[in-house]
Amino acid sequence: MSVQYDGEGEKILKRLMPFTAVAVLLVAVSVAFAQDKPAEPAKPEDPAIAAARTFAFAAVPGECDERTADNAEMAKDSIYTLTWKEKYGDPPAERKATLFEIYCMSGAYNTSNLYVLKDAENKLSLVSFASPTFDVAYVDGDETETKLKHDPVVTGYSTSFFLTNPSFDEKTLTLSEYSKWRGIGDAWSAGDWQFRDGQFVLTRYEVDPIYDGNLDNPPQKLQDKSFKLFPPVKRK
């Protein structure tokens, strides 16, 4: 196949050249302007969050990560408004408080937060969370840690300022945690604390101490098995 050349294309190209030069110049100016434009200044931090974080960190010295550029994306704090009515009074008085969620630290597969409560008088308090302590007994010689001698036994209760991998349901005013015992999350502990009458109350605590990931083909029943430690299961 042959292509005929009649010189008309060259004429068109010559007519377009001035416009092309202008377009190139505009692009160059735009790029230069974008490069010279200064970065937008960082938004100032809410002083209430800064005060709550300072208060929380002072209560657990040396426990929390320093805020750096490396953890800036993860180290974000949040504010929630809590409202409730007192049990007594005619009519019951409506109360209001502010909950600050403060990032504390993170490891390979768990992140821990602290929580600060500010009341109507602007008084700050670090929230503590009750949870059961317990013993887990594996069958002697079971290196897979998938066979239990008996169900986990509650030995008492303790409190902690930290929640692991937490979430907050604003509708039910419930804080929850899910703590992995190792990276794949086959063994874990989890709990719920609901805000009632001005404090967070334990409503559920559950554990799965069975490391079914150590088995090649663990049965689904074993994978789904967990033990509710609170509220206590009524035995017949």
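Reading the values: rules and limits
Residues numbered from 1 in each chain as written. Predicted model: local features only at pLDDT ≥ 70, side-chain atom pairs only at ≥ 80, totals over all residues. Heavy atoms only, no water. Disulfide = S-S within 2.5 Å. Helix = DSSP H or I, 4+ residues; strand = E, 2+ residues; numbered from the N terminus. Buried < 20%, exposed > 50% of the residue type's maximum accessible area, 1.4 Å probe, protein only. Pairing = 2+ DSSP bridges. Axes fitted to C-alpha atoms, helices over the stretch in contact; angles between N-to-C directions. pLDDT = per-residue confidence, 0-100. Contact = heavy atoms within 4.5 Å. Phe/Tyr/Trp six-rings, centres within 6.5 Å; stacked < 30°, edge-to-face > 60°. Core = buried A, V, L, I, M, F, W, Y, C linked by side-chain atoms within 4.5 Å.

Caption draft 1: Representation of the state of the cysteines within the structure. For the structure shown, the criterion picks out one disulfide. Two residues share a disulfide in this structure: C64 and C104, whose sulfurs sit 2.1 Å from each other. In this structure, the disulfide formed by C64 and C104 twists by about -95 degrees around the S-S bond and is classed as left-handed. Of this pair, C64 sits in the loop between α2 (47-59) and β1 (78-89) while C104 sits in strand β2 (residues 92-106); the two residues are 40 residues apart in sequence, bridging distant segments of the chain. No difference in accessibility class separates C64 from C104, as the two residues are buried.

Caption draft 2: Examining the sheet that holds strand β8 (residues 167-169) more closely. Ordered in space as β8-β9-β10-β11-β12, the five strands form an open sheet in which the pairing is antiparallel. Two strands in the sheet have a free side with no partner beyond their single neighbour: β8 and β12 (227-230). When strand polarity is set aside, the average angle formed by the axes of neighbouring strands in this sheet is 20 degrees. Judged from the seven bridges that link them, strand β9 (residues 174-180) and strand β10 (residues 188-196) form a sheet pairing that is antiparallel. Counterpart to S176 in the pairing with β10 is D192.

Caption draft 3: Summary view of the confidence of the model for the chain. Here the chain averages 86 in pLDDT, while 81% of its residues score no lower than 70. For residues 1-37, every residue scores under 50 in pLDDT, and the model assigns this stretch two contacts once sequence neighbours within four places are set aside.

Caption draft 4: Up close: the packing of aromatic side chains. Taken as a whole and judged by the stated rule, the model has 10 aromatic pairs. Seen from their ring centres, Y157 and F230 are 6.3 Å apart, and the 85 degrees between their planes marks the pair as edge-to-face. You can see Y157 sitting in strand β6 (residues 153-160) and its partner F230 sitting in strand β12, a full 73 residues away along the chain. Residue classification places Y157 among the partly exposed residues on the basis of a relative accessible area of 47%. Every member of this aromatic cluster is reached through a ring pair, and the members are W84, Y115, F129, W193, F195 and F200.

Caption draft 5: Broad picture of the nonpolar core. Counting 27 residues, the largest nonpolar core has L82, L99, F129, F168, L175 and F200 as its most contacted members. Those elements giving two or more residues to this core turn out to be β1, β2, β3 (111-118), β10, β11 (199-208) and β12. The dominant element in this core, judged by the number of residues it contributes, is β11, at four residues. Not counting chain neighbours up to four residues away, the residues in contact with L99 comprise S78, I79, Y80, L82, Y115, V116, L117, V127, F168, L175 and F200. Within the second largest apolar cluster, 11 residues are counted, among which are I102, L114, V116 and L126.

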